[in-house]
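Chain and residue survey
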Amino acid sequence: MNRVGYGAMQLAGPRVWGFPDDPEAARRVLRLAVTFFDTANAYGPRTVNQLIGQALGPVPEGVIVGNKVGAERGPDKSWVVDGRPETVRRQVHEALTDMGTDTSELTYLRLVGDTPGTHQDVPLEESLGVLVELREQGLIRRIGLSGASPQMLARAQQMTPIAAVQNRFNLLDRSGVQVLADCEAQGILFVPYFPLAAGRLSDHQELTGPAERLGATAAQIALAWLLRRSPSMVVIPGTSSPDHLRSNIEASEVAEQLTDIEVSRLTGLVDESKATLGQPTPPALSHR
């Protein structure tokens, strides 16, 4: 599997709501050569999953679509973590319908470990228990977690194997580093969201040198660093542009050309020893 996937959130309309102005352009992006997709019922809501179903259905052999459940959208377009069993169960069935498939290759349960905010206070075991039941029924093949603390990951593993964890992690935000270490030790995929720090990387001169040397973009260097940071990493940059998606995919080749010194300098932008889920953006050591 190519470790550069695709995050589909940007294919929805403004504020991740409704369909985009040009749905066919969105479907063309989805048809490009990527084998790992990230999506969620809350994107649209449901519209992105419907676009995926229209573009890929039936999903080709060897392609994994990771879908997040356990989050809803409020009437004001806000994001609400809702792990109630009835919500989780309904969203799994909705996603299967929207994507035109009988089985989800990977379903994540959205948690609040790395995103404090509006949420339903539901025990992890109740929400996760629904996914375990649906896997036993053949509707899900692999279970993942999104927004998990190390403690949540450990609790979840008492109930079921966890195939992947999706937490915030990028050059500027290492808040998921503790969970990343657990994933590395246990053979679990780690899928960082906001891998390009939501476009906030242009001020870091450490990206400029490697980019100029390799004829690459700053975004490619940032993604390449993630791939070099850990063999457990699968990155999911999002874009609505086919050219940008192709450029992101090429980051896997750029990663092979980064020197160890360049990787070390990029890693040193943040003191990872002080990074925790409660401190989403630790102080940068060399921010210019």
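Residues numbered from 1 in each chain as written. Predicted model: local features only at pLDDT ≥ 70, side-chain atom pairs only at ≥ 80, totals over all residues. Heavy atoms only, no water.

A short note on the overall build of the protein chain
Each helix and strand counted, the protein chain has eleven helices and nine strands in total. Against the 2.2 N^0.38 benchmark of 19 Å for 288 residues, the protein chain shows a C-alpha radius of gyration of 18 Å, consistent with a compact globule. Each principal axis of the C-alpha distribution contributes one length, and for the protein chain these read about 50 × 40 × 35 Å. Within the protein chain, the fraction of its 288 residues that count as buried is 55%. Considering only intrachain contacts with a sequence separation of at least 6, the fraction spanning at least 24 residues in the protein chain is 75%. (Helix = DSSP H or I, 4+ residues; strand = E, 2+ residues; numbered from the N terminus. Rg over C-alpha atoms; globule rule 2.2 N^0.38 Å. Buried < 20%, exposed > 50% of the residue type's maximum accessible area, 1.4 Å probe, protein only. Contact = heavy atoms within 4.5 Å.)

A few points about the confidence of the model for the protein chain
Summing up the model confidence of the protein chain, the mean pLDDT is 91 and the portion of residues at 70 or higher is 93%. Low pLDDT (under 50) marks residues 282-288, which in the prediction has 24 contacts with non-local residues, meaning those over four places away or in another chain. (pLDDT = per-residue confidence, 0-100.)

Observations regarding the packing of aromatic side chains
Under the definition given, this model contains five aromatic pairs. Ring plane angle 85° and centroid distance 6.3 Å describe the contact between Tyr6 and Phe37, whose orientation is recorded as edge-to-face. Remark: Phe37 occurs in strand S2 (residues 36-40) and Tyr6 occurs in strand S1 (residues 6-7); sequence separation between them is 31 residues. The pair formed by Tyr6 and Phe37 is uniform in burial state, with each residue classed as buried. Look at Phe169 and Phe190: their rings are 5.9 Å apart centre to centre, the planes differ by 85°, and that puts the pair in the edge-to-face class. (Phe/Tyr/Trp six-rings, centres within 6.5 Å; stacked < 30°, edge-to-face > 60°.)

So, the nonpolar core
Residues Leu131 and Leu145 are the most contacted members of the largest nonpolar core, which totals 55 residues. When contributions to this core are tallied by element, the ones reaching two or more residues are helix H3 (85-99), helix H4 (124-136), strand S7 (143-146), helix H5 (150-157), helix H6 (177-186), helix H8 (218-229), helix H10 (251-257) and helix H11 (260-267). Residue contributions to this core peak at seven residues, all from H8. Non-local contacts of Leu131, meaning those with residues more than four positions away in its chain, are made with Val69, Val88, Val92, Thr107, Tyr108, Leu109, Ile140 and Ile143. Counting residues in each nonpolar core, the second largest holds 24 residues, with Tyr6, Ala26, Ala40 and Val65 among its members. (Core = buried A, V, L, I, M, F, W, Y, C linked by side-chain atoms within 4.5 Å.)

Some points on the side chain of Thr107
Along the chain, the position of Thr107 falls in strand S6 (residues 106-110). Looking at Thr107, the relative accessible area reads 2%, which means it is buried. A distance of 2.7 Å separates the side chain of Thr107 from the side chain of Ser104, its partner in a polar contact. When sequence neighbours within four positions are dropped, the list of residues in contact with Thr107 reads Asn67, Val69, Val92, Leu131, Ile140, Arg142, Ile143 and Gly144. (Polar contact = N/O pair within 3.5 Å; in protein donor to acceptor, adjacent residues only side chain to side chain.)

So, the sheet that holds S2
Two orientations exist for strands paired in a sheet by backbone hydrogen bonds: parallel and antiparallel. The sheet built from seven strands is open, its strands ordered S1-S2-S3-S6-S7-S8-S9 with parallel pairing. Looking at which strands have only one partner, the edges of the open sheet turn out to be S1 and strand S9 (189-190). Strand direction decides the pairing type here: S2 and strand S3 (residues 64-69), joined by five bridges, are parallel. In the sheet register, Ala40 faces S3, and the bridge partner there is Lys68. This element, helix H2 (residues 47-56), spans S2 and S3 of the sheet and lies at about 145° to S2. (Pairing = 2+ DSSP bridges. Axes fitted to C-alpha atoms, helices over the stretch in contact; angles between N-to-C directions.)

Thoughts on the pairing of S3
Of all six residues making up S3, six are buried, and the element is well covered by its neighbours. Of the two faces of S3, both are covered, the one formed by Ile64, Gly66 and Lys68 as well as the one formed by Val65, Asn67 and Val69. In the classification by handedness, the crossover that spans S2, the intervening H2 and the parallel S3 is right-handed. (Right-handed = clockwise from strand over helix to strand, strands pointing away.)

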